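# Structure at a glance
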Amino acid sequence: MPDTHPPQPHLDALIIGAGFAGMYQLIQLRDRLGLTTRLLEAASGVGGTWFWNRYPGARCDSESHSYCYGFSKELLEEWEWSERYPEQPEILRYLNHVADRFDLRRSISFNTAVTACAYNAADNRWHISTAGGQSFTCTWLITAVGCLSSANLPAIPGLDSFKGEWYHTGQWPHEGVDFTGKTVAQIGTGSTGIQAAPVIAAQAAHLTIFQRTANYSVPAHNAPLTRDFKDWVKHNHPEIRAVMKSTPNGHPFRIAERKVADVSPEEREALYEEAWAKGGLQFRATFQDLLVNKAANATAADFLKRKIRGIVKNPETAAVLSDIDHPYAAKRPPIDTHYFDTFNRDNVALVDLRKAPIERITETGIKTADTEYQADIIVFATGFDAMTGPLFRLNLTGRDGMRLQDAWSAGPETWLGLAVPGFPNLFTITGPGSPSVLCNMPVCIEQHVDWITACIDHARANQIATIETTPEAAIAWSDTVDAAAHATLLPEAGHSWYLGANVPGKPRRFMPYAGGMAQYRDICDTVVARGYEGFVMAPDPAHAS
Ligand code: NA7
């Protein structure tokens, strides 16, 4: 039999994932450092999250003028977004434009799912295997697999017996789903479910929404961008970028300096009304203590619950929707387009799973503890095995055959979210312990990629063969991540995916770094200034004196 997969030449660097992170990493390593670099991507195109999440209403919650790369002045100036919040097809167009503009496709292998990555100390190389039977070796391995790319399909008994169609929002068919005339069941009311429900309801004959945990949501007030705004963006990139760099979440707006207690109840109400009218994630920025002071947060929570009760006409439905058990923004706060109004439609019903949980899926629908609901289509808007899930799928093994799953059996341990002890020359863009999901993603990604690129450049300039973080550094960083989370109200939402609580059996550990992007950037810079503190760098024996 001829060998259909001849061995590939050894690579300086191999990147996994062609989303925002992998594409920029490719530009930096291939074009800036001149490394032999290949990018492996499971999908048939670029886009990462935006390749897979094609569900109805899929849209980014970051404002479009900030949800893009900042590294290229020309790219910033030539691209024009059409709406305040970019819709999935437009983001995908943007990322395809980037791939073409920087001639990235020639270095990307599409339809190439990585099945294993093993570090071999004998040759100090990573050995990569793919589902198609290819193998690669590289010196530097960079994962750019995203934080929310491993779909969480709950193990509800009976799904196999369901005679209708079912879809997970994160693996949506490219040809779309026609809901016309269909009875639809949607499980999940996180950011995704809240975006999808109004769009599905407008098309389907009937939509039943199964809610386990009630959620806050603030209107996005999405709209086409005016010519004036587009021109303002075009001429003010440096100023906009400076704001994004200075704020904890990397968004293009500052957090107010006032605290809730600084203003009278009447002023507070007026400020919340103003923020509600403005819409979007900026609501969180109305006061600086909303995420750290329970009493302050309660005023926002109370305002938002009153809004729900004001919008939703059926008092029973309104009561279930506004019975929210966690502080505002302790879980990722959704923003929406007519989500709560959707419950005023005749063809929409809400099921409270707290009262009667789902027991099983039947041939014709969903059976809860007290009722059976018919459905032609079930939509699982049930989220992701966040942050660790995408890394575990790569079957990474480090020194002495240590599996990442075993190294992290009690929860992820990283240095800065970028490196893992026992896994030399591996960098994890937006890994657990990074600010990532608490930040406007491209801002965080660009910082990580720049940092990794500089680190690899440093290694090459100094004949360093192996860069590896230490268990002590990782333990210390876990403590820092933990302390940063506990300085906020974020851990109060005990069921959030930030804690891994949405996946049965997953260890509970607050995964993202909540100290803010600006502070994180300073920490990373200090690590470099101190000679890559927390890393052990071993010389290349060929150059050792
Ligand atoms: P999320 O935010 O994890 O939301 C998932 C939703 O699905 C949430 O309402 C869950 O309820 C619900 N869910 C999950 N499993 C079940 C089961 N077994 N039964 C009933 N309901 C269930 O995911 P999204 O996709 O909405 O958003 C992910 C991120 O993408 C978002 O935060 C943004 O950063 C972008 P629960 O709250 O766990 O009770």
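Residue numbers restart at each chain and count upward from 1, following the sequence in its written direction. The predicted nature of this model means local features are confined to residues of pLDDT at least 70 and side-chain atom pairs, given and counted, to a pLDDT of 80 or more, with totals for whole chains, interfaces and linings taken over all residues. Processing note: side-chain calculations cover all non-hydrogen atoms of the structure and skip hydrogens and water entirely.

## Brief notes about empty space enclosed by the protein
- Definitions used throughout: a 1 Å grid over protein atoms alone; a cavity as a set of points that fits a 1.4 Å probe which cannot get out; a pocket as an open set with protein on both sides within 12 Å along at least five of seven lines; a lining residue as one with an atom within 4 Å of a point. Grid points are joined across faces, edges and corners, and a volume is the space filled by probe spheres set on the points. A complete count under the given rule lists 4 cavities of 30 Å³ or more for this structure.
- Computed from the structure, the largest cavity encloses a volume of approximately 170 Å³.
- Around the largest cavity sit 16 residues that line it, and Trp 79, Glu 80, Trp 81, Val 233 and His 237 are the ones nearest its centre.
- Secondary-structure elements contributing two or more residues to the lining of the largest cavity are α3 (73-78) and α6 (227-235). Helix numbers and strand numbers start at the N terminus; a helix is a DSSP run of H or I with at least 4 residues, a strand a run of E with at least 2.

## Quick notes on the packing of α6 against helix α7 (residues 237-246)
- Where helices are involved, their axes are fitted lines through C-alpha atoms of the stretch in contact, as for all axes, and angles between N-to-C directions lie from 0 to 180°. Put simply, α6 and α7 touch, their axes get as near as 5 Å, and they point 80 degrees apart. The orientation of α6 relative to α7 falls into the category roughly perpendicular. Residues Trp 232, Val 233, Lys 234 and His 235 of α6 form the contact with α7, whose own contacting residues are His 237, Glu 239 and Ile 240.
- Any residue outside Ala, Val, Leu, Ile, Met, Phe, Trp, Tyr, Cys, Pro, Asp, Glu, Lys and Arg is labelled polar, Gly included; the first ten of those are nonpolar and the last four are charged. Partitioned by chemical class, the residues of the contact of α6 with α7 number 3 nonpolar, 2 polar and 2 charged. Any angle from 65 to 115 degrees is called roughly perpendicular, while one under 35 is roughly parallel, one over 145 is roughly antiparallel, and all others are oblique. Residues are treated as being in contact if the distance between any of their heavy atoms lies within 4.5 Å.

## A short note on the sheet that holds strand β12 (residues 348-352)
- The strand order across the open sheet built from 5 strands is β7-β16-β8-β9-β12, with neighbouring strands paired in parallel fashion. Every interior strand has two partners, whereas the edge strands, β7 (165-168) and β12, have only one. With direction set aside, neighbouring strand axes in the sheet form an average angle of 20 degrees.
- Alignment of strand β8 (residues 183-187) against strand β16 (residues 377-380), held across 4 bridges, turns out to be parallel. Counterpart to Ile 187 in the pairing with β16 is Phe 380.
- Across the sheet, helix α5 (residues 191-203) is in contact with β8, β9 (206-211), β12 and β16; its angle to β8 comes to roughly 175 degrees. Strand pairing is assigned whenever DSSP identifies at least 2 bridges connecting the two strands.

## Considerations on the domain arrangement of the protein
- Here the protein is described as being made up of domain 1 (11-150 + 386-465) and domain 2 (255-329).
- Each of domain 1 and domain 2 was reduced to a C-alpha centroid, and the two centroids are 36 Å apart.
- With both sides pooled, the region where domain 1 packs onto domain 2 buries about 280 Å², and carbon together with sulfur makes up 32% of that total.
- In what follows, salt bridge is the name for a side-chain nitrogen of Lys or Arg lying within 4 Å of a carboxyl oxygen of Asp or Glu. Our count for the domain 1 to domain 2 interface comes out at 0 salt bridges.
- Here a polar contact means two N or O atoms within 3.5 Å. Within protein one must be a hydrogen donor candidate and the other an acceptor candidate, and residues neighboring in sequence count only if both atoms are side-chain atoms. Counting every contact that joins domain 1 to domain 2 gives 3 residue pairs in polar contact (both at pLDDT 80 or more).
- Considering only residue class, the side of domain 1 that touches domain 2 consists of 1 nonpolar, no polar and 3 charged. Source of the domain bounds: an automatic or database domain assignment. Defined in terms of a 1.4 Å probe, buried area is the accessible area two parts forfeit on being brought together, summed over both.

## Focus on the site of the ligand
- Throughout this document, a residue counts as near a molecule or strand when at least one of its heavy atoms sits within 4 Å of that molecule or strand. The immediate surroundings of the ligand are formed by 18 residues, with Thr 189, Thr 192, Arg 212, Thr 213 and Lys 331 found nearest.
- Between an oxygen atom of the ligand and a side-chain N or O atom of Arg 332, the distance comes to 3.3 Å.
- The separation between an oxygen atom of the ligand and a polar main-chain atom of Ala 381 is 3.2 Å.
- Here the ligand loses 87% of its free accessible area of 770 Å² to cover by the protein chains.
- Taken together, the residues of the shell around the ligand sort by class into 7 nonpolar, 8 polar and 3 charged. Working definition of accessibility: Shrake-Rupley area with a 1.4 Å probe, residue cover restricted to the visible protein chains.

## Quick notes on the sheet that holds strand β15 (residues 372-374)
- On the basis of which strands lie adjacent, the open sheet formed by 3 strands has the order β13-β14-β15 and antiparallel pairing. Edge positions in the sheet fall to β13 (358-361) and β15, since each of these pairs with one other strand and no more. Here the average twist between neighbouring strands, direction ignored, is 20 degrees.
- Taken together, the 3 bridges between β13 and strand β14 (residues 365-368) define a ladder with antiparallel strand orientation. Residue pairing in the sheet places Ile 361 in a bridge with Ile 366 of β14.

## Details of the side chain of Ser 72
- Mapped onto the fold, Ser 72 is located in the loop between α2 (49-52) and α3.
- For Ser 72, a relative accessible area of 6% gives the class buried. To sort residues, take the accessible area from a 1.4 Å probe on protein chains only and compare it with the maximum for the residue type: under 20% means buried, over 50% means exposed, and anything in between is partly exposed.

## A word on the layout of surface pockets
- One number sums up the size of the second largest pocket: a volume of about 310 Å³.
- Elements with a contribution of two residues or more to the lining of the second largest pocket: β6 (135-143), α14 (441-461), β19 (464-469) and β20 (535-539).
- A per-element tally of the lining of the second largest pocket places β19 first, with 3 residues.

## Structural notes on the side chain of Asn 152
- Turning to its location among the elements, Asn 152 is positioned in the loop between β6 and β7.
- We classify Asn 152 as buried; its relative accessible area is 11%.
- Look past the residues within four positions of Asn 152 in its chain and what remains in contact with it is His 168, Thr 382, Gly 383, Phe 384, Asp 385, Asn 502 and Val 503.

## So, the pairing of β14
- The loop that links β13 with its antiparallel partner β14 comprises 3 residues.
- In terms of strand pairing, β14 meets β15 through 3 bridges, oriented antiparallel. If you follow Ile 366 over to β15, its bridge partner there is Tyr 373.
- Once β14 ends, the chain turns through 3 residues before running back antiparallel as β15.

## Remarks on unusual backbone geometry
- Within the chain, His 338 stands out as a residue other than glycine whose phi angle is a positive 65 degrees.
- Assignment of secondary structure puts His 338 in the loop between β11 (335-336) and α11 (339-342).
- Taking relative accessible area as the criterion, His 338 reaches 54% and is therefore assigned exposed.
- At Asp 400, a position not held by glycine, the phi torsion is positive, near 55 degrees.
- Assignment of secondary structure puts Asp 400 in the loop between β17 (396-397) and α13 (404-407).

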